[in-house]
Amino acid sequence: MSREIETVQVGNWVVTPKLNKIKHVETMAEHVVTPKVMMLLTTLIENRNCPLSVDELAQLVWPDRVVSDNSVYQAVAMLRKVLNEDSDIHDYIERISSQGYRIVPQVEIVRVDSAPQEKNRSAPLNILIGALITVTCIIVITKLFNSLVKSSPVNDPYFESVSLAQHLASKKRAEKIIKAKQIYSEVLEKNSQHTGAMSGLCNTYMALATYGSLPESKVEPLCRPLLEAAIKLDSNSVDVLTSMARLETLSKNYNVAKRYFSKALDLSGNSPMLWYWYGRYYRETNNLNEALKADLKAFRLAPNDPTVLRGLAYTYLNLRDLKSARKYFERSVEIAPHIKNIPLYQLDFYPLNIELAESYRNWFTTHIEDHTKMYPLHRLSHILFLLSIGNSKDPQEEFEKIKPSQRASSFGLYVEAAISWHQQDKAKAVTLLKQRYLLAPQDSHYVMPYIMGLYQTQKFKEANRIFEKHFSEISMMNHQVRGNVGNYLLYSFILQGLGEHEKVAAIQKLMADQLAIRSAIKPRYLPYWHFLDGDQQKVVSSLFELLNTGWLPDANDNMFVVEMFSGLIEDEQIRSSWLIKLEDIQKNVRQQVTTLP
């Protein structure tokens, strides 16, 4: 809308851009708004058929400078306060979630040559009331404008300091984050109500728990007072709302976290960390489809942020898309190889071996006590590690220390099943895996361990029924082999147990044809492949070679693997020799790993 146009009628208001005036056609109430509020109104009028995002409004209304999202929100609030005085039209400006703001379509906009003639109002009382309304509105708008000016980065006396701190913290290096923390603290010493510094200081605490030496258990008590004070001062700050949602997610207060997420997303959808934590919220509440949507939005906004990349990697991992999970995890490590918890994360993305076990052992001695305070469920992961290195004594004792609610979780059921299997209580293990599977029987998230348990207990018919239900493309041989070698091999073994040798041969041919073109079978699958081929000599050599590479059984990935591998060896003496060698390797690793505090 050109400022050269003298007047335009918007609903029941006559707008004169050149004079920054808005006048009601019935009550004659007249408001003088700030130039930026008028620019906001004319911009919305010009683009009335297309919602404008906060970023677009910031660029169009403040083309000559950088402003915060709050500047836009406060300008919209000022404009709404004036326009919504109209008793005939309830609201003039609507917000469309994830798209932005626009003039309500039902509001008629008409260009006029001049303002309509005022109605004859001779009653002094009406004139006095109109004047009082005008004065009152000008006072209110002036106060709001003063607040806007104070919050604008250009007028913030600490703008340079805060922007420098934000830049330093974004480097994801401990020394830079410590410097950012110092700057935020100095700003708060001078202005204890600077919400940007409050939120920023909390973010440095969280970052130091990942990239520095700050114990993770100290983040919540350091952050909560800052954020609770900040939210009282500015309940519409996306940064503060995101930090609060993040804090409540870490504290497992999911209902509270959801409210903060909803409000923050109503205000802006352009914060990658907001989407990252929203994804983590969904992942922790076991809504993986929504978690993936949120993580992908975060990735598009910040494709090189290591935190965002790890979130996306873990969601793919939970969805059993290991190829994508490793891709984004490796990208995160390449960008930020100094993250202190990498040895812990690696156990989730790669098969266990001696090198990874030793790396975890070094991490364990330094960080485990504090890590379990912040993440008590890590005790479950550690139990699986103990089982993987042949510790049959401590897992049950460790499991009994865990809260009943955590034992009843899907992960808790898996760990209890793994303990039962290692204690040779196979029936209990399979029962627990079935209980876990029934938590989400329509998904494929919990099904594979149950299928493997059925196979290991020779319940081939049931294993086949459930496999074909969840992996129909593989059972029909319509899915490519690459990336699905393990599934095809397991299906072949199930079919072999059912005596369906012709279909096993067909799957072998399919695998041979595709793998000969694309890639060799990974070492951990070779023993199964040679067994199906009936080549016992290659079965034995591949299993001993696997031990020579430093391989260790990974209970986190497959609690049955030792029995599955040893069961491939037909000669009892050779089988015993292989198991003894494995036990010696496990013993060397576990001698240097203690139990949890």
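Residues numbered from 1 in each chain as written. Predicted model: local features only at pLDDT ≥ 70, side-chain atom pairs only at ≥ 80, totals over all residues. Heavy atoms only, no water.

Turning our eyes to something else, we now look at the overall build of the chain. Looking only at helices and strands, one finds 30 helices and 7 strands in the chain. Taken over 597 residues, the chain has a buried fraction of 49%. In the chain, the share of contacts with a sequence separation of at least 24, taken over all contacts with a separation of at least 6, comes to 58%. Per element, the accessible surface of the chain, about 28900 Å² overall, is 50% carbon and sulfur. (Helix = DSSP H or I, 4+ residues; strand = E, 2+ residues; numbered from the N terminus. Buried < 20%, exposed > 50% of the residue type's maximum accessible area, 1.4 Å probe, protein only. Contact = heavy atoms within 4.5 Å. Areas by Shrake-Rupley, 256 points an atom, 1.4 Å probe, with all protein chains shown as cover.)

Let us now look at the packing of aromatic side chains. Describing an aromatic ring pair means giving the distance of the ring centres and the angle of the ring planes. Enumeration according to the criterion identifies 29 aromatic pairs in this entry. Aromatic side chains Trp 275 and Tyr 278 sit 6.0 Å apart centroid to centroid with 55° between the ring planes, which places their arrangement in the tilted category. Taken together, the positions of Trp 275 and Tyr 278, both in helix α11 (residues 272-284) and 3 residues apart, correspond to about one turn of that helix. As far as the burial class goes, Trp 275 and Tyr 278 line up, both buried. (Phe/Tyr/Trp six-rings, centres within 6.5 Å; stacked < 30°, edge-to-face > 60°.)

It is worth spelling out the state of the cysteines at this point. Tallying each qualifying case throughout the model produces 1 disulfide. The side chain of Cys 202 participates in a disulfide bridge whose partner is Cys 223; the two sulfur atoms lie 2.2 Å from each other. One disulfide, between Cys 202 and Cys 223, carries an S-S torsion of 110° and so falls in the right-handed class. You can see Cys 202 sitting in helix α7 (residues 195-211) and its partner Cys 223 sitting in helix α8 (residues 219-233), a full 21 residues away along the chain. (Disulfide = S-S within 2.5 Å.)

Let's shift gears to the nonpolar core. In terms of nonpolar packing, the biggest core is built from 99 residues, with Ile 22, Leu 41 and Leu 79 touching the most fellow members. Leave out the neighbours within four places in its chain, and Leu 79 touches Ile 22, Val 37, Leu 40, Leu 41, Leu 44 and Ile 93. (Core = buried A, V, L, I, M, F, W, Y, C linked by side-chain atoms within 4.5 Å.)

Quick look at the packing of α11 against helix α13 (residues 306-318) now. Following both chains from N to C, one finds α11 and α13 inclined at 25°, their axes separated by 10 Å at the closest point. The angle between α11 and α13 falls in the class roughly parallel. The element α11 and its partner α13 pack so that their crossing is left-handed. Between α11 and α13, the contacting residues are Pro 272, Met 273, Tyr 276 and Arg 283 on the first element and Thr 307, Val 308, Gly 311, Tyr 314, Thr 315 and Asn 318 on the second. When the residues that make up the contact of α11 with α13 are grouped by side-chain class, the tally is 5 nonpolar, 4 polar and 1 charged. (Axes fitted to C-alpha atoms, helices over the stretch in contact; angles between N-to-C directions. Parallel < 35°, antiparallel > 145°, perpendicular 65-115°, else oblique. Left-handed = near helix turned anticlockwise from the far one by under 90°. Nonpolar A, V, L, I, M, F, W, Y, C, P; charged D, E, K, R; others polar.)

What follows is about the environment of Val 540. As for its position among the elements, Val 540 is in helix α28 (residues 536-548). Residue class for Val 540 comes out buried when judged on its relative accessible area of 17%. The spatial distance from the C-alpha of Val 540 to the C-alpha of Asp 571 is 9.5 Å, given a sequence separation of 31 residues. Among all residues touching Val 540, those that are not within four sequence positions of it are Ile 569 and Ile 574.

This paragraph deals with the pattern of salt bridges. This structure, assessed with the given rule, holds 17 salt bridges. Put simply, Arg 465 and Glu 462 hold a salt bridge, and the shortest N to O gap is 2.7 Å. Of the two residues, Arg 465 and Glu 462 both sit in helix α23 (residues 460-470), 3 residues apart, roughly one turn of that helix. The partly exposed category is assigned to Arg 465, whose relative accessible area is 48%. Here Asp 557 ties to Arg 524 by a salt bridge, and the two come within 3.9 Å at their closest N and O atoms. Remark: Arg 524 occurs in the loop between α26 (501-518) and α27 (526-533) and Asp 557 occurs in the loop between α28 and α29 (561-566); sequence separation between them is 33 residues. Through salt bridges with shared partners, one network takes in Glu 220, Arg 224, Glu 228 and Glu 248. (Salt bridge = Lys/Arg side-chain N within 4 Å of Asp/Glu carboxyl O.)

The next thing to look at is α23. Listed in full, the buried residues belonging to α23 are Phe 460, Ala 463, Asn 464, Ile 466, Phe 467 and His 470. In this fold, the buried residues of α23 make contact with α21 (426-437), α22 (447-456), α24 (472-475) and α25 (485-497).

Before going further, it helps to examine the pairing of strand β2 (residues 13-16). The alternating pattern of β2 places Trp 13 and Val 15 and Val 14 and Thr 16 on opposite faces, both of which are buried. The sheet contact formed by β2 and strand β3 (residues 21-24) spans 4 bridges and is antiparallel. When the sheet's bridge partners are listed, Val 14 is paired in β3 with Lys 23. Between β2 and β3, which pair antiparallel and follow one another directly, the connecting turn spans 4 residues, one of which, Asn 20, has a positive phi of 55°. (Pairing = 2+ DSSP bridges.)

This paragraph deals with a positive patch on the surface. A contiguous patch of positive charge, built from Lys 323, Lys 327, Arg 331 and Arg 482, is present on the exposed surface. Along the chain, Arg 482 falls in the loop between α24 and α25. (Patch = residues over 30% accessible without salt bridge, like charges linked within 9 Å, V, L, I, M, F, W, Y side chains within 5 Å. Lys, Arg positive; Asp, Glu negative; His and termini not counted. Charge placed at Lys NZ, Arg CZ, Asp CG, Glu CD.)

In this section: the packing of α7 against helix α9 (residues 238-250). Viewed as axis vectors pointing N to C, α7 and α9 meet at an angle of 35°, and their least axial separation amounts to 9 Å. As α7 packs across α9, the resulting crossing turns out to be left-handed. Residue-level inspection shows Thr 195, Ser 199, Asn 203 and Met 206 of α7 in contact with α9, the latter providing Asp 239, Val 240, Ser 243, Arg 246 and Leu 247.

What follows concerns the environment of Ala 209. Examined against the element boundaries, Ala 209 turns out to sit in helix α7. On the accessibility criterion, Ala 209 (5% relative accessible area) is buried. Taking C-alpha positions, Ala 209 is 9.7 Å from Asn 341, a pair spaced 132 residues apart along the chain.

The next point concerns helix α10 (residues 254-267). The end-to-end C-alpha distance of α10 is 20 Å, a good match for the 20 Å that 14 residues give at a rise of 1.5 Å each. Turning to α10, its buried residues number three or more, namely Ala 257, Phe 261, Ala 264, Leu 265 and Leu 267. Down the axis, α10 shows its buried residues gathered within 150° of arc, on one side only. Exposed side of α10, more than 90 degrees from the buried face: Asn 255 and Arg 259 are the residues found there. Considering only its buried residues, α10 is in contact with α2 (54-61), α3 (69-83), β5 (93-96), α9 and α11. (Expected span 1.5 Å × (residues − 1). Arc of directions from axis to C-beta.)

This part takes up unusual backbone geometry. Look at Asn 286: it is not a glycine, yet its phi comes out positive at around 65°. Topologically, Asn 286 is positioned in the loop between α11 and α12 (288-301). For Asn 286, a relative accessible area of 41% puts it in the partly exposed group. Residue Met 477 is not a glycine yet carries a positive backbone phi of 60°. Among the secondary structure elements, Met 477 is positioned in the loop between α24 and α25. Take Met 477: its relative accessible area is 27%, and that puts it in the partly exposed class.

For the rest of this paragraph, the subject is the confidence of the model for the chain. Across the chain, the average pLDDT comes to 85, with 90% of residues at or above 70. Counting interchain partners and residues more than four positions distant, the pLDDT-below-50 stretch residues 114-123 has 11 contacts. This stretch, residues 135-152, has a pLDDT under 50; its non-local contacts, to residues over four places away or in other chains, come to 22 contacts. (pLDDT = per-residue confidence, 0-100.)

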